[in-house]
Amino acid sequence: MTVDTTPLNKLPNDFLWGFATASFQIEGSTDVDGRGKSIWDDFSKLPGKTLDGRDGDVATDSYNRWKEDLDLLVQYGVKSYRFSLAWSRIIPLGGRNDPINEAGIQFYSNLIDALLERGIVPFVTLYHWDLPQGLYDRYGGWLSKEIVEDYVHYAKVCFERFGDRVKYWYALTMNEPWCISVLGHGRGVFAPGRSSDRTRSPEGDSSTEPWIVGHNVILAHAYATKLYREEFKATQGGTIGITLNGDYALPYDDSPENVAAAQHALDVAIGWFADPIYLGHYPEYMKEMLGDRLPVFTSEELAVVKGSSEFYGMNTYTTNLCKAGGDDEFQGKVEYTFTRPDGSQLGTQAHCAWLQDYPEGFRQLLNYLWKRYKHPIYVTENGFAVKDENTMPVEQAIADHDRLQYFKGNTDAILAARNEDGVDIRAYFAWSLLDNFEWADGYVTRFGLTYVDYDTQKRYPKESGIFVSKWFTEHIAEPAAQKGTPVPLQLSQANGKLQEDSATPSPTVETSESPAKKKTKKAPFARFTAYISTFLGI
């Protein structure tokens, strides 16, 4: 039996931390080197589909600037980098009988090799929403079960061509199936934009299609995992799993109906995918709510689905207060709010209406997932968009106080959940390395820990990025020896001074599930600003 000797104020030495991105959000170069169209290429050009009317043709130009991005990762000192592969860059038309694009293979091979040369662990996402347009045109994409075979073939190509050079092939089969299903085929705000709302889409059925899509996504994930285990795991020795989005749900008050509502919200936001994969069945509440609209796994399929993820990939951003009522099945027929019964807000409001800062809920969600699913947790996305950051000059935008406070609270929550509550947390990836194309929000909403000037493509580290770098440097036990002296990052026409920490922490919503709060000793402000100055070379 291995005894964990990690100090209570540290994370273990093998804890992975870094930043995350996604192919369509950063790469650009959509018509270069044989890449085929994805469903986002044309969709993002349709009037009204993005807030600012802009598309992903350029994004942060990372297809051309990827070495610059990796140098940035080195300066931050990350241990790992989560990025996604563009299916249509590797197999332009997407199908199992369609040609492979060697230029696309070479691009990602070079990226993986360069990460390894820099001592950074590749954490690869196979699918982050950019389905080849060819498969949607051919049979409706995720609406057809035929996609399972095409996806498994695509995964096999990736395992064959990249896995041999990745000692630790941390692979995510899918990113956020709930978004693929609901936002793409229910609400119609993401590609392919299907919905029953005819003001949004000329086709689609929001009452049936999201549940069909979700079912097919689960099967594609499960059979790709089966393939990896049978043909590659013994030689590559990798770890494979899925990442699910889902925010914590707290009852609005102690009334029985609202307590039940919070669980119903979790059942649909998380349990829809997590319960079949980790427990072997859909949530009972979803069966009651949907009846025969919820697809059924065959016994053979269920044997493949159950246990098909070796860890719990966790994408989470906020906490919702839940009231019973409403007819929105995608929220479990639950109403969400950030306003408490006394009129106060749960936390600091982000630029997007659906996000407020609440670290207590982050810790509670870690506990909930660990107790329910009993798998190691990899936090694969977590981040905050500062209100109106897109209108700020760079000097103001990089002093991103609200985002810094968000990460202060959530990093402390990770430490407390692991070392006080006993949650097995093994990785944390902040979203995102760069400001980028934020899907339906276009470039209006900025989640980056690095500011991007979209006119010049120049990158400026934000104070939140420096904080996250410093925090993990100080909280990883026995850090590995540095591989040389980092070159200071330069901020043109921007100062690196931090604001005073004047944010008032959000009060905890008391529930029977709430873990005890952790009291930590904060580093002196002067020490922190000195670190910033040294890091930035100012």
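Residues numbered from 1 in each chain as written. Predicted model: local features only at pLDDT ≥ 70, side-chain atom pairs only at ≥ 80, totals over all residues. Heavy atoms only, no water.

## Digging into the overall build of the chain
From N to C terminus, the chain includes 18 helices and 13 strands. Classification of the 538 residues of the chain by burial places 62% in the buried group. Within the chain, contacts between residues separated by at least 24 positions form 78% of all contacts whose residues are at least 6 apart in sequence. Surface accessibility of the chain: about 20800 Å² in total, with carbon and sulfur atoms responsible for 52%. (Helix = DSSP H or I, 4+ residues; strand = E, 2+ residues; numbered from the N terminus. Buried < 20%, exposed > 50% of the residue type's maximum accessible area, 1.4 Å probe, protein only. Contact = heavy atoms within 4.5 Å. Areas by Shrake-Rupley, 256 points an atom, 1.4 Å probe, with all protein chains shown as cover.)

## Notes on the sheet that holds strand β11 (residues 425–431)
If you trace the eight strands once around the closed barrel, you get β1-β2-β3-β4-β5-β7-β10-β11, paired in parallel fashion. Each neighbouring strand pair of the sheet contributes to a mean axis angle of 25°, computed without reference to strand direction. As paired strands, strand β3 (residues 121–125) and strand β4 (residues 170–175) are joined by three bridges and run parallel to one another. Following the sheet pairing, Thr125 is matched in β4 by Leu172. Those strands touched by helix α14 (residues 359–373) are β7 (312–315), β10 (377–381) and β11, and its axis lies near 155° from that of β7. (Pairing = 2+ DSSP bridges. Axes fitted to C-alpha atoms, helices over the stretch in contact; angles between N-to-C directions.)

## Brief notes about the sheet that holds strand β8 (residues 319–324)
Read across the sheet, three strands follow the order β6-β8-β9 without closing on themselves; strand pairing throughout is mixed. Strands at the two margins of the open sheet, each flanked by one partner only, are β6 (248–251) and β9 (334–337). The average undirected angle you get between the axes of adjacent strands in this sheet is 45°. Here β8 pairs with β9 via four bridges, running antiparallel. Paired with Lys323 across the two strands is Glu335, which belongs to β9. Contacting β6, β8 and β9, helix α11 (residues 256–279) crosses the sheet at an angle of about 125° to β8. Most of the contacts of α14 go to β6, to which it runs at about 105°, and overall it touches β6 and β8.

## So, the environment of Leu449
Looking at the secondary structure, you find Leu449 in the loop between β11 and β12 (450–453). The buried category is assigned to Leu449, whose relative accessible area is 0%. As a C-alpha pair, Leu449 and Ser464 span 15 residues in sequence and 5.9 Å in three-dimensional space.

## A closer look at the pairing of β6
Each regular strand carries side chains that alternate between the two faces of the sheet. Of the two faces of β6, both are covered, the one formed by Tyr248 and Leu250 as well as the one formed by Ala249 and Pro251. Here β6 runs beside β8; their pairing, made up of four bridges, is parallel. The residue of β8 that forms the bridge with Pro251 is Cys322.

## What about the packing of helix α8 (residues 177–185) against α11?
Where α8 meets α11, the closest approach of the two axes is 9 Å, and the angle between their N-to-C directions is 120°. On the basis of their axis angle, the class for α8 and α11 is oblique. Seen from above, α8 lies across α11 with right-handed handedness. Along the contact surface, α8 presents Pro177, Trp178, Ser181 and Val182, while α11 presents Val268, Ala269, Trp272 and Phe273. The class makeup of the residues in the contact of α8 with α11 is seven nonpolar, one polar and no charged. (Parallel < 35°, antiparallel > 145°, perpendicular 65-115°, else oblique. Left-handed = near helix turned anticlockwise from the far one by under 90°. Nonpolar A, V, L, I, M, F, W, Y, C, P; charged D, E, K, R; others polar.)

## Considerations on the packing of helix α5 (residues 102–117) against helix α7 (residues 147–162)
At a minimum axis separation of 11 Å, α5 and α7 run at an interaxial angle of 50°. What the angle tells us is that α5 and α7 run oblique. Here α5 runs over α7; the crossing is right-handed. The residues of α7 that touch α5, namely those facing Glu102, Ile105, Tyr108, Ser109 and Ile112, are Val157, Arg161 and Phe162. Looking at the contact of α5 with α7 residue by residue, the classes come out as five nonpolar, one polar and two charged.

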